[in-house]
Amino acid sequence: MADGPVLEKVNNNMFHYSSGDENSSPQRKFPRKSAVDVKFRDVSFSTTVWSVQQPIPKKKEILHEISGHFRAGELTAIMGPSGAGKSTLLNVLAGYTLRGCTGQVSLNGRVRTKANRQRLASLSCYIQQDDRLRNALTPLEAMTLAAHLKLGNACKEERAQQVDQLLNMLGLSACQNTRTLRLSGGQKKRLSVALELISNPPVIFLDEPTTGLDSSSCSQCVSLLKLLAQEGRTVICTIHQPSALLFEMFDHLYALADGRCIYQGSITGLLPFLEVRGLSCPPYHNPADFLMDVAMGEYGADVEGLVKAADALKPLAIKNSHNGGVDGTEMQVITKGNTEVPPPPPDKGSTLGSTSMTAANTSLIMQFLLLYSRNLTILRRDYSLLAARIAAHVLIGILFGYLYRNCGYGANTVLANFVYVYGTVLFLQYTGKMGVTMSFPVEMRTLRREHFNRWYSLGPYFMSLLSIEIPLQILVSLLYLIITYLLTSQPLELDRMFLFFSLAIAASLTALGAGLFIGATLPVKIAVFVGPIVLVALSMFGFNVFKRDIPYSLMWLYHISYFRAALHGMMDSLYTLRRPELPCPKDMIYCHYRFPGKLMKDIDIQDVDVGANMAMICGMGLLLYSLAVFSVWIRLNRR
């Protein structure tokens, strides 16, 4: 954020961004919203580890019954060496990871159970280490979209005012019309924060917010977080080794070593805490670096002793909390009797905290329209992939048409025409499947962030995605089919052309569903192998192997092969439907395939029900799309 505005201190309790323009209007502060304290007690987290070298799964415990209390109005840093469990603890508190967790967590004493987990999650947002922004959009467009999705009950003027205020407060006004791809690292980080502040959440979780930023950008990033905390929010972030200046800006420190707490308290209390235990920080040494060395056992540090000493610093409210039920698959949260102080009401005089600007779910139809509009904007600005798809289909169509030119006309070229039809189905299947197989795992990362922070529901997202992908796949398939159909001199009869094109496009769209399912289920490295293998397996039936030669145990593959259904239907559309005798060259003494029925018998394609084949292809397509949606839903909700 080195190229953005600076954060200036106005008084002891307030910061604001200054654009450097004397004529600019004064910036308003973020309003106060209901304060939320985050408490956790005896939290543990374990995972199962296995590898090829060690095939027997072993349970690895990452967090060991740690407790803490993060207060509203404070900027809290979770620190520790690599592998200490910082990100794991943040994921548990944010609700991003719940499987393998035990212990007790509370937000203002409210129970976070399976029943109300989603409702309590609306109190917080989680900003991950990777920005994962839509690079083709500008900050203004991204913010406007987020405002429409998150503030469904606000009017247009209120949403615009909300967006404008956040852009000003976070110093993004100067670059609000610049595409995100061209923003600096600090600007992207501020934009990530701004997108989640639209709904003004009282709790903000950030994972390594300063990663990849220079020193100036790091300073401005932490200053921004300090500002957000001073407005009454609970800001909790993991950070590895900050500079001494950044370290002093935090209000609260929670230090981890090997999944156990070795210190929790104020920044100013850290060095006295260590000195009492014989660990004196050398002069002119960064206290944050010294803490990391101590956590790794250097300077003769007794980590076990520090854990016991830190345990004595637990807030009294946590130590005296009564035990609640603990489930091994989800976090159970306890309420501290009647001693919990209710959160203060929002500031009625502020804009972001007013009743009309609280987050509300936008209708599913409006979510679809907004996401569809976003996808169109991205496609219009980043059309390189679309251009490549169109070019590939046109060039391959011309090449195929040239190699098999006029093969659809005479009786002496019917076998070449059979190979052309097979190659057509194979090509459209491969291009329909592999494009999304490669791209969707990358999209999944952004989808998980946006869905976890409650931007939209999964149904409208998939409908908006398919509303772009399906027409594009139909377009590129038609380009290829028209070029090759004409160059290969297939019969120019509307009924035959309609059936041929419909079956080919339907099979291509089914392959698109298969690609989505594979891409949503498997990692990219595995998906790029599984996709072609499945395609080859399905293409064997109906071309490489006749039905009469298929073993009974593999007959089910023949019946579920939408590749076979498309191939047989397309061949039937070309050589049946009362097609007359095929012309033979005058110099041929014997013309074996003068009658089309002879060809269909020899290639074992007889008594084809084109309608049933089309229904089978469409049914498999619907099944694969449904499986893709279900797989994504499982991945998004499996925590």
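Presented here is an overview of the structure given in this document. Numbers given to residues run from 1 along each chain, matching the order in which its sequence is written. Residues qualify for local features only when their pLDDT is at least 70, as the model is predicted, and side-chain atom pairs are given and counted only at 80 or more; totals for whole chains, interfaces and linings, by contrast, use all residues. Remark: hydrogens and water are excluded; side-chain values derive from all non-hydrogen atoms of the structure.

### Quick word on the overall build of the protein
Part 1: Where helices and strands are cited, they refer to DSSP runs of H or I of at least four residues and of E of at least two residues respectively, numbered from the N terminus. Per the secondary structure count, the protein includes 21 helices and 11 strands.
Part 2: Per-residue burial over the protein gives 52% buried out of 639 residues.
Part 3: Considering only contacts within the protein whose residues lie at least 6 apart along the sequence, 78% involve residues at least 24 apart. The classification of residues rests on relative accessible area computed with a 1.4 Å probe and restricted to protein chains. Under 20% of the type maximum is buried, over 50% is exposed, and intermediate values are partly exposed. In what follows, a contact means two residues having at least one pair of non-hydrogen atoms within 4.5 Å.

### A closer look at the pairing of strand 10 (residues 252-257)
Part 1: Among the six residues that make up strand 10, six are buried, leaving the element largely enclosed by the rest of the structure.
Part 2: The alternating pattern of strand 10 places His252, Tyr254 and Leu256 and Leu253, Ala255 and Ala257 on opposite faces, both of which are buried.
Part 3: Taken together, the six bridges between strand 10 and strand 11 (residues 260-266) define a ladder with antiparallel strand orientation. Opposite Ala257, over in strand 11, you have Arg260 as the bridge partner.
Part 4: The pairing criterion for strands is at least two bridges between them, as found by DSSP. From the end of strand 10 to the start of strand 11, which pair antiparallel, there are two residues, and Asp258 there has a positive phi angle of about 55°.

### Things to note about the state of the cysteines
Part 1: Only a pair of cysteine sulfur atoms within 2.5 Å qualifies as a disulfide here. Across all of its chains, the model carries one disulfide by this definition.
Part 2: A sulfur-sulfur separation of 1.7 Å characterises the disulfide bridge that pairs Cys584 with Cys591. Measuring the twist about the S-S bond at about -75°, one finds the Cys584-Cys591 disulfide to be left-handed.
Part 3: By relative accessible area, which is 12% here, Cys591 ends up buried.

### Some details on the environment of Gln490
Part 1: Positionally, Gln490 belongs in the loop between helix 15 (458-487) and helix 16 (494-521).
Part 2: For the pair Gln490 and Asn406, spaced 84 residues apart in the sequence, the C-alpha separation amounts to 7.6 Å.
Part 3: Once you skip the residues sitting within four places of it in the chain, Gln490 turns out to touch Cys407, Gly408, Asn417, Tyr420, Tyr485 and Leu574.
Part 4: Among the polar contacts listed, one links the side chain of Gln490 to the side chain of Thr488, at a separation of 3.1 Å. Definition of a polar contact: a pair of N or O atoms within 3.5 Å, with one able to donate and the other able to accept a hydrogen when the atoms are protein atoms, and with sequence-neighbouring residues admitted only if both atoms are side-chain atoms.

### Topic: the sheet that holds strand 4 (residues 58-70)
Consider a sheet: its strands pair through backbone hydrogen bonds, and that pairing is either parallel or antiparallel.
Part 1: Read across the open sheet, the three strands follow the order 4-3-6; overall the sheet is antiparallel. In this open sheet, the two edge strands, each paired with only one partner strand, are strand 4 and strand 6 (101-107). For this sheet, the mean angle separating the axes of adjacent strands, direction not counted, is 20°.
Part 2: Axis lines are fitted through C-alpha atoms, for helices just across the contact stretch, and the angle between N-to-C directions can take any value from 0 to 180 degrees. Docked against the sheet, helix 1 (residues 86-94) engages strand 3 (38-49), strand 4 and strand 6, running at close to 120° with respect to strand 3.

### Some thoughts on the nonpolar core
Part 1: Grouping buried Ala, Val, Leu, Ile, Met, Phe, Trp, Tyr and Cys residues that are joined through side-chain atoms within 4.5 Å yields what is termed a nonpolar core. Membership of the largest hydrophobic core comes to 135 residues, with the highest contact counts inside it found for Phe440 and Met571.
Part 2: Excluding its chain neighbours within four sequence positions, the residues that come into contact with Met571 are Phe418, Val421, Leu599, Met600, Ile603 and Ile605.
Part 3: Formed by 31 residues, the second largest nonpolar core is a distinct cluster that contains Ile62, Ala84, Val203 and Ile236.

What is shown is where atoms sit, not what they do.
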